[in-house]
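# Results of the structural survey
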Amino acid sequence: MGAIRFELIKTCKQSGARLGKLYTPHGEIQTPIFMPVGTQATVKSMTPQELKEINSQIILSNTYHLYMRPGHKIVEKAGGLHKFMNWDRPILTDSGGFQVFSLGPLRKITEEGVEFRSHLDGSKHFISPEKAIEIQNSLGADIIMAFDECAPYPADRDYVKNSLERTTRWAKRCKDAHKNSDRQALFGIVQGGMYKDLREQSAKEIMDIGFPGYAIGGLSVGEPKELMYEVLDYTTPLLPKDKPRYLMGVGSPDDLLEGVIRGVDMFDCVLPTRIARNGTAMTSQGKVVVRNAQYAEDFTPLDPECDCYTCKNYTRAYIRHLIKANEILGARLITYHNLYFLLKLMENVRNAIKEDRLLDYKNEFFRKYGYTL
Ligand SMILES: [Zn+2]
């Protein structure tokens, strides 16, 4: 028996989007879903109780960061990541690859793995596919990710081809090294940059190895949105219908809608929590940079259409004051709202799929959101 099971409930007749259920060792997830990111075993400023209040079904945590600090062995001694951080619902951990590759001059890639220096103290480390799986086996998330190389954008074809072929070899090594396949599902990652034939090659190679779920990597790395949608247009149809599909690192409202319409089931992104700390809210009318002077005497909620705790009880003027005064509560209240907003958006998306009207929902959402590509 595998650790997870995916049930495709229906496909929206209007848009082609998928409605599904993902069964994991820590409960069910209704898809499509947005996963809040808890980089350091915490979704910044949110308690697990609050995450449940806003209906977070699953959260994501970062292997690289937990490996560096406090160390995966400590998390394992604590009884695993769920126990360590007091979260009893599903967790997904990334492989650490993206963070390691983002270290730029601090890292060196070989066939064996990646040597890098810590962003914390400059100490030398080496992560191989086997090591990435060992760390994730210790952390104990319900879904874990293969160690891949995410090619930058732009990158020439030869670079992307070499990198995706190494990703395939590493994916095989990850599957061989994975010890807990009965309680942790290992997802493969399709790379191939912005090249159609390379995406096809990568999808085929990764599917030949065989995984209980597939991620699309190497998008949202600085390319124009039109290009990302184009790559999704030809990449998602390559993936098996009966397995969950995860688009990594994507989480703006427009990208979530466009991704779901192209057949994606799972998303994650630091965007809602990161912009919250800078005083920016995602609202039904588009982005509101609440730290701006124009909100100093605005005694309306962040989003008049939102019924979250923040919007029911606080004004833009008050939250702006908190942000300007560097009060922790300001970032907390916006984080709460932004996550609620995206999770609510995905709930609305699931309802629209159920009723075969996702394109209508999207057009209505974008009209208010003021979105233009
Ligand atoms: Zn709100």
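Residues numbered from 1 in each chain as written. Predicted model: local features only at pLDDT ≥ 70, side-chain atom pairs only at ≥ 80, totals over all residues. Heavy atoms only, no water.

Labelled according to an unreviewed UniProt entry, the chain appears under the name Queuine tRNA-ribosyltransferase, originating from Alkalithermobacter thermoalcaliphilus JW-YL-7 = DSM 7308. Entered under Subunit (unreviewed entry) in the UniProt record, the comment concerning the chain runs "Homodimer. Within each dimer, one monomer is responsible for RNA recognition and catalysis, while the other monomer binds to the replacement base PreQ1." (UniProt positions renumbered as here; feature names shortened; annotations may be inferred.)

When two helices pack together, their arrangement is given by the angle between the helix axes and the distance between those axes. Helix α14 (residues 328-354) packs onto helix α10 (residues 253-261) with a crossing angle of 25° between their chain directions and a minimal axis gap of 11 Å. In this view, α10 runs roughly parallel relative to α14, as classed from their interaxial angle. α10 and α14 meet at a crossing whose hand is right-handed. Together, P253, L256, L257 and V260 of α10 and F341, L342, L345, M346, V349 and I353 of α14 make up the contact between the two elements. (Axes fitted to C-alpha atoms, helices over the stretch in contact; angles between N-to-C directions. Helix = DSSP H or I, 4+ residues; strand = E, 2+ residues; numbered from the N terminus. Parallel < 35°, antiparallel > 145°, perpendicular 65-115°, else oblique. Left-handed = near helix turned anticlockwise from the far one by under 90°. Contact = heavy atoms within 4.5 Å.)

With that settled, the discussion passes to the UniProt feature "active site" (unreviewed entry) in the chain. Here the UniProt-annotated "active site" (unreviewed entry) positions come out as D94 and D268. Maximum C-alpha separation among the annotated residues is 10.4 Å over a sequence range of 175 residues, consistent with a single clustered spot. Assignment of secondary structure puts D94 in the loop between β6 (91-93) and α5 (97-101). Using a relative accessible area of 9% as the deciding quantity, one classes D94 as buried. The contact partners of D94, leaving out residues within four places of it in the chain, are S61, N62, T63, Y64, Q99, Q136 and M145. Inspection of the secondary structure assignment puts D268 in strand β14 (residues 266-269). Take D268: its relative accessible area is 8%, and that puts it in the buried class. The residues touching D268, leaving out its near neighbours within four places in the chain, are F34, M35, V37, L60, Y246, L247, M248, G249, V250 and G251. (Buried < 20%, exposed > 50% of the residue type's maximum accessible area, 1.4 Å probe, protein only.)

Our next topic: the nonpolar core. One finds Y246 and L358 to be the most contacted residues of the largest nonpolar core, which totals 116 residues. Taken domain by domain, the makeup of this core includes at least three residues from each of domain 1 (5-268) and domain 2 (276-369). Setting aside its immediate chain neighbours within four residues, Y246 contacts M35, L60, L92, M145, F187, Y214, A215, I216, V264, M266, F267 and D268. (Core = buried A, V, L, I, M, F, W, Y, C linked by side-chain atoms within 4.5 Å. Domains from an automatic or database assignment.)

Attention shifts here to the coordination of the zinc ion. For a metal with four tetrahedral donors the ideal donor-metal-donor angle is 109.5 degrees, whereas six octahedral donors ideally subtend 90 or 180 degrees. All of the protein donors around the zinc ion are C306 (SG), C308 (SG), C311 (SG) and H337 (ND1); their distances to the metal are 2.1 to 2.3 Å. Given four donor atoms and angles of 98 to 119° at the metal, the environment of the zinc ion is assigned as tetrahedral. Here the donor residues of the zinc ion are spaced in sequence according to C-x1-C-x2-C-x25-H. Remark: H337 occurs in helix α14 and C306 occurs in the loop between β16 (286-289) and α12 (309-313); sequence separation between them is 31 residues. For C306, a relative accessible area of 13% gives the class buried. (Donors = N, O, S within 2.8 Å, 3.2 Å for Na, K, Ca; no water. Tetrahedral: all angles 85-135°; square planar, octahedral: opposite > 155°, others 65-115°.)

Before going further, it helps to spend a moment on the pairing of β14. Alternating positions in β14 separate into two faces, M266 and D268 on one and F267 and C269 on the other, with burial throughout. When strand β4 (residues 33-38) meets β14, the two strands line up parallel, connected through four bridges. Its bridge partner being in β14, I33 is matched across the sheet by M266. Across two bridges, strand β13 (residues 245-247) lies against β14 in parallel orientation. (Pairing = 2+ DSSP bridges.)

With respect to the helices, strands and loops of the structure, T24 is situated in strand β2 (residues 18-24). A distance of 2.7 Å separates a polar atom in the side chain of T24 from the backbone oxygen of G27. In this structure, T24 is in contact with A3, I4, I29, P90 and D142, ignoring residues within four places of it in sequence. (Polar contact = N/O pair within 3.5 Å; in protein donor to acceptor, adjacent residues only side chain to side chain.)

Moving on to the pairing of strand β8 (residues 114-117). Judged by which residues are buried, β8 turns out to be one-sided: V114 and F116 face inward and are buried, whereas E115 and R117, on the alternate face, are not. Inspection of the sheet shows strand β7 (residues 107-109) paired to β8 by three bridges, in the antiparallel sense. Looking across to β8, one finds that R107 is bridged to F116. Between β7 and β8, which follow one another and run antiparallel, lie four residues. Two elements, β8 and strand β9 (residues 124-127), share four bridges in a ladder whose sense is antiparallel. Within β9, the position partnered with R117 by the bridge is K124. Taking the residues that link successive antiparallel strands as the turn, the β8-β9 hairpin has six residues, and the phi of G122 there is positive, at about 80°.

Cross-referencing UniProt, the feature "domain: tRNA-guanine(15) transglycosylase-like" (unreviewed entry) maps to residues 15-369 in the present numbering. From the first C-alpha to the last, residues 15-369 spans 20 Å; its make-up is 43% helix and 17% strand.

Here we come to the side chain of N137. Residue position: N137 is located in helix α6 (residues 129-139). Other than its neighbours up to four places away in sequence, N137 contacts I144, A177, H178, K179, N180 and Q184.

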